[in-house]
Amino acid sequence: MSELSERYLRAKRALFDRYYRSLNEQQRAAVYHINRPLLILAGAGSGKTTVLVRRIAYMIRYGNAYHSDYVPFDMDEAHVTSLESAVSAPITDEELGALLCEFSNNPCPPWRLLAITFTNKAAGEIKARLAAVFPEDPDLVGGIWAGTFHSICMRILRRYYAEAGLREGFTIYDTDDTKKAMQAVLKDLRIDDKVLPVKSAQSYISRAKDKLIDPDGFLLEFGNDFRMKQIAKVYEAYQQRLSDSNALDFDDIICRTVRLLETHQEILQSYQSQFRYVSVDEYQDTNIAQFRLTALLSGGWRNLMVVGDDDQSIYKFRGATIANILEFDRVFDDATVIRLEQNYRSTQSILDAANAVISHNEGRKGKTLWTNRGNGSKIHVLNPEHQNAEAREILDIIQKKVATEGLRYRDFAVLYRTNAQSNALEMAFARSAVPYRMLGGVRFSDRKEIRDLVAYLQLINNHDDRDRLLRIINEPRRGLGEKTLAALQEIAVMESCSVFAVMEHADQYLALSRSAKTLMEFAGLINELTLLLDEAPLDKFVNQVLDLSGYRQMIKNLGPEEADRLDNLDEFISNVVEYMKSTDSPTLTEFLEETALVADVDRYDDTADAVVMMTIHSAKGLEFPQVFLPGFEEGLFPGMQTVIAGPEEIEEERRLAYVAITRAKDELYILHTASRTIYGRTAANPASRFLDEIPEHLLSRPAIKQRMTNTYAGYSKDGGYRTARETAAADRITVGKAQAKPAAPREILAAGDRVKHMLFGEGEVLSVQKMGTDYLYEIAFDTKGTKKLMATYAKLQKI
DNA sequence: CACGCTCTGCCTGCG
DNA sequence: GCAGAGCGTG
């Protein structure tokens, strides 16, 4: 290669490096590496999404510009010199970005890009951030195939439903629908719930689908065991039931797509030639079916990139297999591995703690997070008496810090292992002035009234939908008993037609004579509404469904204390209106599909100034300046069942602890109680082994007995513990008293007093302000300036 | 057929 | 400690 060419290429790469200078070296390497398989091991807070987004933008704008050795044949000295001087020229990033376009090498059109995520939220974020990169072309992002595994697969299945063995207008069963279907299957097969609980049957089948095992394969693999043989039968009957209803469950969406691609070469090839670049986010959460899917779709160009963090794999119970990420570079033997270990989120103390904990795991790729942010403060370890004291302690610290350190409520998060822990927290916060937001609990779409309304709409959309029909046939009560419904289904099987079809002609069957009128009326109602669907706008139509079915009246009859159910129905209709605005040609089918695939409207509103509380699982991917981790106790975290289940489960639990710790940016509080009541049983558990795994020098434990300087309302007179409810009740009564007579641990200072502080030296009290049961002092220190300190926490000595 | 009572089991949860 | 499921009775 000529010297000129080398200078050209060097200048080109220097210009790119300048353009991406806000990224670190590893991040840049990941952006430039677009051909061949790539595994990015992205530690917590290492700028993973930034890399993902900038890499896609790079493909669209510049193709393989950086690594290409292409030199234009007419390259001359003058141009190379001008490029070299541009490297340090005072130009804006925008100008630089435009300049780089001359190096574009086979840029990729958006429709050839496939970006897969797990959640709608993640997909939305990627799309939004990409849209910001291309403000001049607002339609560009829409062209990218970016979405969740499920939405991508649905897109494929909708197009090739016949080849996939589905009938037109097939629908998606969600968790509740599948549960109902499974209950019915077990009943049909006369399998007692005690022998095989619904949950357990569902789990077996779901895990089988994750591994692409169909009922025959299941029987073949496990059939020599009686119980498994039984489950294979259940599996088969369950699939038959779904197929009768022309329905898929969430697992089917993935594995039916895989099966479609594996059995139809021409379809596979068309997608393989389309998708030049495939990216998969949160790869540590993928299961075998999803692995297979990505391998198939990227099989044409073999430009597959996966990002993930084996240390943050916390969904094994949901079928994820960590082997996908651990063995990526073995399965794709020409794969490159890039580690992103620089953390932009947390202090070094927090990272050291996280590194220390996770290093106890065996099965991992190995990463060590670091930061240049500095050590920060130590990790606070607190040991309250019980869960109510724990909640109070968290509350107190938040109040103090908001009062004295200029922090806002939204800077704080409380992350716990199980939702059952939320009770004590909610009790404490609900009666304080601290605003909080609690995630989890009953999702909007899980509300009974919403489920019922959706069932009506699904039935109208697809008359074959047996489980939705059975759900609402007696909502409101139509006086159809078990016997009638059983007869109805039996006839449907005999005539091999849908339950709905039997209902339409109920008067022709002797077994139905008594309820024929009601059945035909109901079928008539559904048919009438189906006709109405084409006449009225969607929102009006939904209103009509509620009115003509009598459902709204039924809810109204429940009385004023159930008024929020009516509100929920109204909110649903406003969702319908939202949807109508978002599309040119709204259809019921599309609306139902979107609602089925959108888990919940993100109730986590990060603009509200409120303390946020949620499980560690739901906090994955989020970050907060101040994090509290209550319940670091053996038996709770790690949970009793994981301890019994074995070392692999403990490792997963340890990864969860790692996720929890790495959510914190500035300060981390780990709490473990001396005793805790959970599921109605009180137990004294030792501190979590994960806490013991953090080196002592990173921890700050308050002086012994300091916590006793606060009096907790959670203590009852005889020294025993009260329940959360008792405590709440007691506090409501004693609030006034408690505030009038604060438990002042030390003598109360007054303005003008001279005091001595351990760290700040001597100073003079400027003002005293009462804060709940405590006092806030403003003190002018002689050498350290004016500080605001809380009486209970600041160790002040009057001099 | 509907309502009320007892009994059980219960971690985490995307789409 | 609580919710949902199942069972018995009016």
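You'll find the structure just up there.
So, here's what we can say about the structure. (Residues numbered from 1 in each chain as written. Chains lettered and ligands numbered in written order. Predicted model: local features only at pLDDT ≥ 70, side-chain atom pairs only at ≥ 80, totals over all residues. Heavy atoms only, no water.)

When you go through chain A residue by residue, the secondary structure sums to 34 helices and 22 strands. Across the 799 residues that make up chain A, the buried fraction comes to 51%. In chain A, of all internal contacts separated by at least 6 residues, the share reaching a separation of at least 24 is 75%. Working note: accessible area of chain A is about 36,900 Å², and carbon and sulfur atoms make up 51% of it. (Helix = DSSP H or I, 4+ residues; strand = E, 2+ residues; numbered from the N terminus. Buried < 20%, exposed > 50% of the residue type's maximum accessible area, 1.4 Å probe, protein only. Contact = heavy atoms within 4.5 Å. Areas by Shrake-Rupley, 256 points an atom, 1.4 Å probe, with all protein chains shown as cover.)

Here the focus is the side chain of R7. Note on placement: R7 falls in helix α1 (residues 3-19). In terms of polar contacts, R7 uses its side chain to reach the side chain of E77, at 3.2 Å. Here R7 is in contact with E77, V80, T81 and E84, once residues within four sequence places are set aside. (Polar contact = N/O pair within 3.5 Å; in protein donor to acceptor, adjacent residues only side chain to side chain.)

What follows covers the pattern of salt bridges. Throughout the structure, instances matching the rule amount to 55 salt bridges. The salt bridge involving D177 is made with R451; its shortest N-O contact spans 3.2 Å. Of this pair, D177 sits in helix α9 (residues 175-188) while R451 sits in helix α21 (residues 448-461), and the two are 274 residues apart along the sequence. Classification of D177 as buried rests on a relative accessible area of 5%. Taking the relative accessible area as the measure of exposure, R451 reaches 7% and is therefore buried. Linking D334 and R302 is a salt bridge whose minimum nitrogen-to-oxygen distance equals 3.0 Å. (Salt bridge = Lys/Arg side-chain N within 4 Å of Asp/Glu carboxyl O.)

One open sheet accounts for six strands, arranged β3-β2-β6-β7-β1-β8; its pairing is parallel. Every interior strand has two partners, whereas the edge strands, β3 (145-148) and β8 (336-340), have only one. Within this sheet the neighbouring strands show an average axis-to-axis angle of 15°, counted without direction. The sheet contact formed by strand β2 (residues 113-117) and strand β6 (residues 277-280) spans four bridges and is parallel. If you follow I116 over to β6, its bridge partner there is V280. Packing of helix α2 (residues 25-32) onto the sheet brings it into contact with β1 (38-42) and β8, and relative to β8 it is tilted by some 145°. (Pairing = 2+ DSSP bridges. Axes fitted to C-alpha atoms, helices over the stretch in contact; angles between N-to-C directions.)

F16, Y20, I40, Y58 and L130 are the most contacted members of the largest nonpolar core, which has 49 residues in total. It is helix α3 (residues 48-62) that contributes the most residues to this core, nine residues altogether. In contact with I40, other than residues within four places in its own chain, are A30, V51, M305, V306, V307, G308, I338 and L340. Within the second largest apolar cluster, 48 residues are counted, among which are I460, A492, I573 and Y579. (Core = buried A, V, L, I, M, F, W, Y, C linked by side-chain atoms within 4.5 Å.)

With that settled, consider helix α14 (residues 265-274). By the burial criterion, the buried members of α14 are I267, L268, Y271, Q272 and Q274. An end-on view of α14 places all buried positions within 165° of arc, on one side of the element. Structurally, α14 contributes buried residues whose contacts are with β3, α8 (149-159), α13 (250-263) and α15 (288-297). (Arc of directions from axis to C-beta.)

Tallied over the full model, the rule gives 32 aromatic pairs. Sitting over the face of the ring of W145, R155 holds its NZ or CZ atom 3.6 Å from the ring centroid. (Phe/Tyr/Trp six-rings, centres within 6.5 Å; stacked < 30°, edge-to-face > 60°. Lys NZ or Arg CZ within 6 Å of the ring centre and 35° of its normal.)

So, about the pairing of strand β13 (residues 624-629). Of all six residues making up β13, six are buried, and the element is well covered by its neighbours. Two strands pair when backbone bridges link them, and β13 and strand β14 (residues 664-671) are joined in this way by five bridges, in the parallel orientation. Directly across from L629, in β14, lies its bridge partner I670.

Note: strands within a sheet are paired through backbone hydrogen bonds, in either parallel or antiparallel orientation. Read from one edge to the other, the open sheet built from seven strands follows the order β11-β12-β10-β13-β14-β9-β17, with strand pairing classed as parallel. Bordering the open sheet on either side are β11 (436-438) and β17 (699-700), each of which pairs with just one other strand. Across two bridges, strand β9 (residues 379-382) lies against β17 in parallel orientation. Residue pairing across strands places I379 opposite L699, the latter belonging to β17. Running over the sheet, helix α18 (residues 348-358) touches β9 and β14 and is turned about 55° from β14. Packed on one face of the sheet, helix α20 (residues 422-430) meets β10 (412-416), β11 and β12 (611-615) and runs near 155° to β11.

Attention now goes to the state of the cysteines. Within this structure, the stated rule accounts for zero disulfides. Between C153, a free cysteine, and C255, which holds the nearest cysteine sulfur, the sulfur-to-sulfur gap is 9.4 Å. (Disulfide = S-S within 2.5 Å.)

A few words on the environment of H380. With respect to the helices and strands, the residue H380 is situated in strand β9. Overall, the relative accessible area of 18% leaves H380 in the buried class. Taking C-alpha positions, H380 is 6.0 Å from R701, a pair spaced 321 residues apart along the chain. Beyond its immediate chain neighbours, meaning those up to four positions away, H380 contacts E667, L668, Y669, I670 and S700.

Read these as layout, nothing more, since geometry by itself doesn't imply function.
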